[in-house]
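One-letter residues, chain by chain:
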Amino acid sequence: MLHHISLGVSDIERAAAFYDAVLAPLGYVRVWEDLRSGEPDQAVGYGSPGGGDKLAIKHRPKGQCAPGPGFHLAFSAPNKLAVDSFHAAALAHGGIDNGAPGLRPHYGPHYYAAFVVDPDGHHIEAVLNKAE
């Protein structure tokens, strides 16, 4: 259904370092960038290697705010180790724990996920929802 999503970030370099680190264990990489130090409208796109972007972060230093309660973005993970690594990378790069890696049986018998809040306040998740 969705082609891609964009998130506003207050510090593009900090956000790019964060997303480089947390998306790598999930198999996603920086697929394009438009970084020009000190200039407006900088952005970075992430997706599968060799593909287009599914997530873009866009520099919005003035008035940037994360969506309100109820919004979060979930990334597919290839295995439980990737979920664990996503969570650890997020905490190491300025993210805030919002749910340690583990099974969430109330979402389904195989729903293994971790939840964090990125440095700009965006709620993100890595999830594996199949038997491993």
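Because the structure is a prediction, the values reported are computed rather than measured.

Novice: Quick question: what am I supposed to make of the sheet that holds strand β3 (residues 43-47) here?
Specialist: Strands in a sheet are paired, the pairing made by backbone hydrogen bonds, and the direction either parallel or antiparallel. Taken together, the 4 strands give an open sheet; going across it, the order is β1-β4-β3-β2, and neighbouring strands pair in mixed fashion. Because the sheet does not close on itself, it has two edges, and the strands there are β1 (5-9) and β2 (29-34). For this sheet, the mean inter-axis angle between neighbouring strands, taken without regard to orientation, is 20°. Looking at chain direction, β2 and β3 are connected through 5 bridges and run antiparallel. Bridging across to β3, Arg 30 finds its partner in Tyr 46. Against the sheet, helix α1 (residues 12-23) contacts β1, β2, β3 and β4 (55-59), and its axis sits at roughly 160° relative to β4.

Novice: Would you mind going over the packing of aromatic side chains with me for this structure?
Specialist: The way to describe two aromatic rings as a pair is by their centre distance and the angle between their planes. The full count for this structure, using the stated rule, is 3 aromatic pairs. Ring plane angle 80° and centroid distance 5.0 Å describe the contact between Phe 18 and Tyr 19, whose orientation is recorded as edge-to-face. Tyr 19 shares its class with Phe 18; the two are buried. Each residue in the set Phe 18, Tyr 19 and Tyr 46 is aromatic and connected to the rest through ring pairs, giving one cluster.

Novice: Any chance you could explain the sheet that holds strand β8 (residues 123-129) here in plain terms?
Specialist: In spatial order, the strands read β5-β8-β7-β6; together these 4 strands make up an open sheet with mixed pairing. A strand with exactly one partner marks an edge of an open sheet, and here the two such strands are β5 (73-76) and β6 (96-103). For this sheet the average axis-to-axis angle between neighbouring strands, irrespective of direction, equals 20°. Those strands touched by helix α2 (residues 80-92) are β5, β6, β7 (111-117) and β8, and its axis lies near 10° from that of β7.

Novice: Quick question: what am I supposed to make of the nonpolar core here?
Specialist: Soluble, globular proteins show a tendency: their nonpolar side chains are buried together. Of all hydrophobic cores here, the largest spans 29 residues; its most connected members are Tyr 19, Ile 57, Phe 75 and Phe 86. Secondary-structure elements contributing two or more residues to this core are β1, α1, β3, β4, β5, α2, β7 and β8. No other element matches the 8 residues that α1 contributes to this core. In this structure, Phe 75 is in contact with Tyr 19, Leu 23, Leu 26, Tyr 28, Leu 55, Phe 86, Ile 124, Glu 125, Ala 126 and Val 127, ignoring residues within four places of it in sequence.

Novice: Explain α2 here, please?
Specialist: Within an α-helix, residues lying three or four positions from one another point in the same direction, as the helix has 3.6 residues per turn. In a regular helix each residue adds 1.5 Å, so 13 residues correspond to 18 Å; α2 covers 19 Å between its end C-alpha atoms and thus fits that length. Looking only at α2, the buried set comprises Ala 82, Val 83, Phe 86, His 87, Ala 89 and Ala 90. Down the axis of α2, the buried set is contained in an arc of 165°. They therefore lie on one face. Opposite the buried face of α2, at more than 90 degrees from it, the exposed residues are Leu 81 and Ala 92.

Novice: I keep staring at the pairing of β4 and nothing clicks. Help me out?
Specialist: Side chains on a regular strand alternate between the two faces of the sheet. Burial runs high along β4: 4 of the 5 residues are buried. The pairing of β1 with β4 spans 5 bridges and is classified as parallel. Looking at β4, one finds that Val 9 is bridged to His 59. Sheet analysis places β3 next to β4, joined by 4 bridges and oriented antiparallel.

Parameters and conventions
Residues numbered from 1 in each chain as written. Predicted model: local features only at pLDDT ≥ 70, side-chain atom pairs only at ≥ 80, totals over all residues. Heavy atoms only, no water. Pairing = 2+ DSSP bridges. Helix = DSSP H or I, 4+ residues; strand = E, 2+ residues; numbered from the N terminus. Axes fitted to C-alpha atoms, helices over the stretch in contact; angles between N-to-C directions. Contact = heavy atoms within 4.5 Å. Phe/Tyr/Trp six-rings, centres within 6.5 Å; stacked < 30°, edge-to-face > 60°. Buried < 20%, exposed > 50% of the residue type's maximum accessible area, 1.4 Å probe, protein only. Core = buried A, V, L, I, M, F, W, Y, C linked by side-chain atoms within 4.5 Å. Expected span 1.5 Å × (residues − 1). Arc of directions from axis to C-beta.

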